[in-house]
Amino acid sequence: MNTPLLAGAKGANHALCGVCAREAMQIAYMPSNDFKRALWTCPECVKLLRDTYNMAPATLSEYESRALFAAAKKAAPDLIDAILTALWDKGVTDLSALSPETVDEIRENPPDEIKAAVTDALLTYAATMRAEIGSHNPPF
Ligand SMILES: [Zn+2]
């Protein structure tokens, strides 16, 4: 697995779970005793490591694509609403008049509603990854 979106290469990032990309703990799957090839995990994904260790890192797997779609679908309405509210709060009522400076202001200091929508997306991605991998359904 090792999603190119989040977790990255084995061994390189032991701060992120190699299954769901949430914060990892000090447990890894390392079948070859090669620390550089360890796949780190969070508490909820320990039992899924063996199933995900050899998933290709170069592209999104079917599981990852499903999880990403679920996360986007879940978060999109709240994210759109949060962005439009942030623009409105900055006096932007006409998107054709939106300035790069306003976009930069929001990007540099996103309001809590945007952070909540992104958090929701991350949690949905993680939960969907666990459910997909844990289901042992074929990834197609
Ligand atoms: Zn995890």
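Higher on the page you've got the structure.
Anyway, here's the lowdown on the structure attached to this text.

What counts, and at which threshold
Residues numbered from 1 in each chain as written. Predicted model: local features only at pLDDT ≥ 70, side-chain atom pairs only at ≥ 80, totals over all residues. Heavy atoms only, no water. Helix = DSSP H or I, 4+ residues; strand = E, 2+ residues; numbered from the N terminus. Buried < 20%, exposed > 50% of the residue type's maximum accessible area, 1.4 Å probe, protein only. Contact = heavy atoms within 4.5 Å. Areas by Shrake-Rupley, 256 points an atom, 1.4 Å probe, with all protein chains shown as cover. Donors = N, O, S within 2.8 Å, 3.2 Å for Na, K, Ca; no water. Patch = residues over 30% accessible without salt bridge, like charges linked within 9 Å, V, L, I, M, F, W, Y side chains within 5 Å. Salt bridge = Lys/Arg side-chain N within 4 Å of Asp/Glu carboxyl O. Lys, Arg positive; Asp, Glu negative; His and termini not counted. Charge placed at Lys NZ, Arg CZ, Asp CG, Glu CD. Axes fitted to C-alpha atoms, helices over the stretch in contact; angles between N-to-C directions. Parallel < 35°, antiparallel > 145°, perpendicular 65-115°, else oblique. Left-handed = near helix turned anticlockwise from the far one by under 90°. Nonpolar A, V, L, I, M, F, W, Y, C, P; charged D, E, K, R; others polar.

## Points about the overall build of the protein
Each helix and strand counted, the protein has four helices and two strands in total. Ordering the α and β elements of the protein from the N terminus gives β-β-α-α-α-α. Residues classed as buried in the protein amount to 34% of the 140 residues present. When contacts within the protein are restricted to residue pairs at least 6 apart in sequence, long-range pairs at least 24 apart make up 59% of them. When the accessible surface of the protein is totalled, it reaches about 8500 Å², and 58% of it is carbon and sulfur.

## Overview of the side chain of R130
Relative to the assigned elements, R130 resides in helix α4 (residues 112-135). A relative accessible area of 15% means that R130 is categorised as buried. Among residues more than four places away in sequence, those in contact with R130 are C20, R22, C42, E44, C45 and L48.

## Here's the deal with the coordination of the zinc ion
For the zinc ion, the full set of protein donor atoms is C17 (SG), C20 (SG), C42 (SG) and C45 (SG), at a range of 2.3 to 2.4 Å. Donor residues for the zinc ion, ordered by position in the chain, follow C-x2-C-x21-C-x2-C. Of this pair, C20 sits in the segment before β1 (25-29) while C45 sits in the loop between β2 (39-41) and α1 (49-52), and the two are 25 residues apart along the sequence. Neither residue differs from the other here; C20 and C45 are each classed as buried.

## Details of a nonpolar patch on the surface
The grouping of I80, L84 and L95 at the surface amounts to a nonpolar patch, some 300 Å² of accessible area in total. Tracing the chain through its elements places L95 in the loop between α2 (62-89) and α3 (100-108).

## Considerations on a negative patch on the surface
A cluster of acidic residues, D78, D81, D89 and E113, forms a negative patch on the protein surface. Examining the composition of the negative patch, we find that three residues originate from one element, α2, more than from any other. With respect to the secondary-structure elements, D81 resides in helix α2.

## Side note on unusual backbone geometry
Backbone geometry at A21 places phi at a positive 75°, although glycine is not the residue there. The class of A21 is buried, set by a relative accessible area of 7%.

## Focus: the packing of α2 against α4
Interaxial distance between α2 and α4 falls to 8 Å at its minimum, and their mutual angle equals 165°. What the angle tells us is that α2 and α4 run roughly antiparallel. α2 and α4 meet at a crossing whose hand is right-handed. Residue composition of the contact of α2 with α4, by class: 17 nonpolar, two polar and seven charged.

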